[in-house]
Amino acid sequence: MGENAEFRKDPEGPVGLTSQEAALRLRKYGPNTLEEEHVSTLLRLLGYFWGPIPWMIEVAAVLSAVVQHWADFWIIVALLVFNAGVGFWQEYTAGNAVEALKKQLALKARALRDGRWQEIDAAGLVPGDIIRIRLGDVIPADVRILQGDYLSVDQSALTGESLPVTVREGDVAYSGTVAKQGEVVAEVVATGKDTRFGKTAHLVEQARTVSHFQKAVLTIGDYLIYLSLALVAVLLLQQMHRGAPWLDLVQFALILTVASIPVAMPAVLSMTMAVGAAALSRKKAIVTRLESIEEMASMDVLCSDKTGTLTQNRLTLGEVKVFRAANPQEVLVAAALASRPEDRDAIDQAVLDGLDEREALQKYHLSAFVPFDPVRKRTEATVQDEAGRAFQVAKGAPQVIMEMSALTAEERRQVQEAVDAFAAEGYRALGVARREVGEEQWIFLGVLSLFDPPQEDSAETIARAAAHGVRVKMVTGDNLAIAVQIARKLGLGENILPASRLPLDPKGGIGAGDHEAVEQADGFAEVFPEHKFAIVKLLQAGGHITGMTGDGVNDAPALKQADVGVAVSGATDAARAAADLVLTEPGLSVIISAIEEARRIFERMHAYAVYRISETIRIMFFVVGAMMAFDFYPITAIMIILLAFLNDVPIMTIAYDRTKAEPHPVRWQMHQVITVATAMGLVGVVGSFGMLLIAMDWLKLDVAQIQTYVFLKMAVAGHLVLFVGRTKGHFWERPWPAPIMIWSAAATKLAATLLAAYGFGLITPITWPEIALVWGYSIVSAVVTDLVKVEVYRHMRHEVRRHRHFLTRLARPLHAFGGRR
């Protein structure tokens, strides 16, 4: 098991290591991380020369060499190197972006170094380090328990055991497992590859799911590949029937196929996602799974924690209601003794700040402490006073403290009245009790009131969310009265559903009306972590893309079940590991900013899909149709390669485009994308044939000049299609394209124009008036394409509205019939 630590104890407890000792051991044992298999940069680069697409380009290059078309050969080789370089750079950049995000989420550990507790990166732990482990921590290394009553550990990630395992003093807890209850001090006995987790990690493969959006884009890619191959097969058969030289024909067919299928699609997809994730991290939201960006764009319901998200998690002490204590300060001292300042808990801090004199605590000695957990809902401490008398104090949920205490029925009624009165004003209540060691019954000392004010921007952010088509539902463990009061202040509404009305069928059954009640609720009160899971399931059963915020270890199942799991600022390691989005700043406004950014990313990918389909249709149908109709190559192989060069550069910049965030959740509508892209592509095909006929019948150009003419038209019009396809409105409307997109397109258009004018020994030049005609025709064609696109979108929106209206009219008599029954 790699238990290579040396124990160091003294009567006062563990001492820990010095920084110098830790540094020496770090050199000896290595960092506390698992070794990752790193592929060398050279091998990754060479990988871009291996695969179906590179093979097609390589065969085309060999055929060019065989027929001694050396200009074609060198340009094809240049295309191969260019594609490999661009793909490698995009993957490298995206990989670096993801690694940078992972570093921001690195696990931390509380270690005893140089005689004081300090927070360090878990990667810096070494055997012999003394660390503190508490509820919600992912245990960062194999450890032996030194102090503390017990630790309940979830080992399911390591052993598959569904029930938590209890470890006590002297037992070993393993790296990668999660603390579910308790708090202990432990010594690190093994790190990194020497841990139990490290030894078995090579047996574990993480399942990677493909998002709906990725599936849609990959479907588009397959569709374009099959369409291209079918048209190329028709072209080959027809041209071979006409007796065309087969070597030239095969070379041309290969290059045409490469130019038509979406070679750059994986690079564009990963780059767009990575750039978007980097933008989100600047807005204090770290994406742990890039594919979740699509679900974020589609989310229409967000269940938000109250404490720390809708409120400031900055509790302020209010009135103290005294019961069996002598005065309010006695209640506060007892509550303070049941707190631990170093944990920096918000409730503990409010209690400590409420003391008249903190020095009063110095005459007491803490001998045992049981921390808060979501099941027991209280903290307990065993304390000795100056005279050596031992007693216990507890603070927690009033209902829990009441059950522990010896109260008459009248006293119970008075306590409940005090709790309800505090709740009506939006205050949380905290019960405080004490008992002498050896006695059974607790003495109920009093009730503290605590107020957590709303975040200053919460009400405004909730209104912003509603404007974006996202309904925010509050989730809180507070009682119903407090929840209603806070919801009213935030403008959420007053239909708060108590958790007792939620179905918790162990078989996961959901009643017919259950999800309707949850859908209509403005929030949920008296919620335990298991209720969060049920809320998510019920909302998903109603067809909603659901987001859920959480911070505790018991929130992890709900975060995993949600379409978008959000770990809020200050969340436990376990919650962050389960979440898709980790917030590094408190408040709800960060999530709304993330939703806006996710929708912009979605629009960029939508624009790419529309452009790619329409461009393939335009090139393939025109080239194949022209060759079959007029029996000559309307564009040469070398020109197709040059077009691929000129088109790839602006396409890569789409990841940085300025896009408008849709005011409502966006879903992938494949029918709409294919319809719009096909309409745009067919307009391009008609325009290209029109241009070809002008060159043949009006300008009377020879074949070589016609090919240059067509090349320039396809280069200029192709870039304009990119700008037309990026919006659902007219391309001249805001938001305008990003400067990098404009300049990259301008540079490549200029290169194509100069090439058409001077040839440079690669193509036959044409005159400047002919170039001006191509430009004018392409701009007019782009405007026509844009008008068709806008009209198709308008028609499809009208059809959707008409369909919804029909369903609404159909639903009315069905509801009426159901009501009569």
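Refer to the preceding data block for the structure.
Keep in mind that what you see is a predicted model, and the values were worked out from it rather than measured.

The sheet built from 8 strands is open, its strands ordered S9-S22-S21-S20-S10-S17-S19-S18 with mixed pairing. Strands at the two margins of the open sheet, each flanked by one partner only, are strand S9 (285–287) and strand S18 (496–498). The mean inter-strand angle of the sheet, taken between neighbouring strand axes irrespective of direction, is 20 degrees. The pairing of strand S21 (residues 564–567) with strand S22 (residues 581–583) spans 2 bridges and is classified as parallel. Paired with Ala 567 across the strands is Val 582, a residue of S22. Sheet strands touched by helix H19 (residues 529–541): strand S10 (301–305), strand S17 (471–475), strand S19 (523–525) and strand S20 (546–550). Its angle to S20, the strand with the most contacts, is close to 170 degrees.

Time to look at a nonpolar patch on the surface. A grouping of Leu 750, Leu 754, Tyr 758, Phe 760, Leu 762 and Trp 768 is seen on the molecular surface, where their side chains present a nonpolar patch of about 630 Å² in accessible area. At 3 residues, helix H26 (residues 739–758) tops the list of elements feeding residues into the nonpolar patch. You can see Phe 760 is positioned in the loop between H26 and helix H27 (768–820).

A separate point is unusual backbone geometry. Peptide bonds are trans in most cases, and residues, glycine excluded, mostly fall at negative phi. With an omega of 0 degrees, the peptide bond between Arg 734 and Pro 735 qualifies as cis. By the secondary structure assignment, Pro 735 is in the loop between helix H25 (703–725) and H26. Positive phi is not limited to glycine here, since Phe 760 has a value of about 55 degrees. Assessed through its relative accessible area of 56%, Phe 760 is described here as exposed.

All chains considered together, the criterion is met by 25 salt bridges. Of the charged contacts in the structure, one is a salt bridge between Asp 121 and Lys 108, with a shortest N-O distance of 2.5 Å. With Asp 121 in strand S2 (residues 116–121) and Lys 108 in strand S1 (residues 108–113), the pair connects residues that are 13 residues apart, well separated along the chain. Owing to a relative accessible area of 40%, Asp 121 belongs among the partly exposed residues under this scheme. A relative accessible area of 39% means that Lys 108 is categorised as partly exposed. The closest approach of N and O atoms between Lys 395 and Asp 348, which form a salt bridge, is 2.7 Å. Remark: Asp 348 occurs in helix H13 (residues 346–353) and Lys 395 occurs in strand S14 (residues 390–396); sequence separation between them is 47 residues. Judged by relative accessible area, Lys 395 falls into the buried class, the value being 3%. Taken together, the shared-partner salt bridges in this structure form one network comprising Lys 283, Glu 597, Arg 600 and Arg 604.

So, how was this worked out
- Residues numbered from 1 in each chain as written.
- Predicted model: local features only at pLDDT ≥ 70, side-chain atom pairs only at ≥ 80, totals over all residues.
- Heavy atoms only, no water.
- Pairing = 2+ DSSP bridges.
- Helix = DSSP H or I, 4+ residues; strand = E, 2+ residues; numbered from the N terminus.
- Axes fitted to C-alpha atoms, helices over the stretch in contact; angles between N-to-C directions.
- Contact = heavy atoms within 4.5 Å.
- Patch = residues over 30% accessible without salt bridge, like charges linked within 9 Å, V, L, I, M, F, W, Y side chains within 5 Å.
- Areas by Shrake-Rupley, 256 points an atom, 1.4 Å probe, with all protein chains shown as cover.
- Salt bridge = Lys/Arg side-chain N within 4 Å of Asp/Glu carboxyl O.
- Buried < 20%, exposed > 50% of the residue type's maximum accessible area, 1.4 Å probe, protein only.

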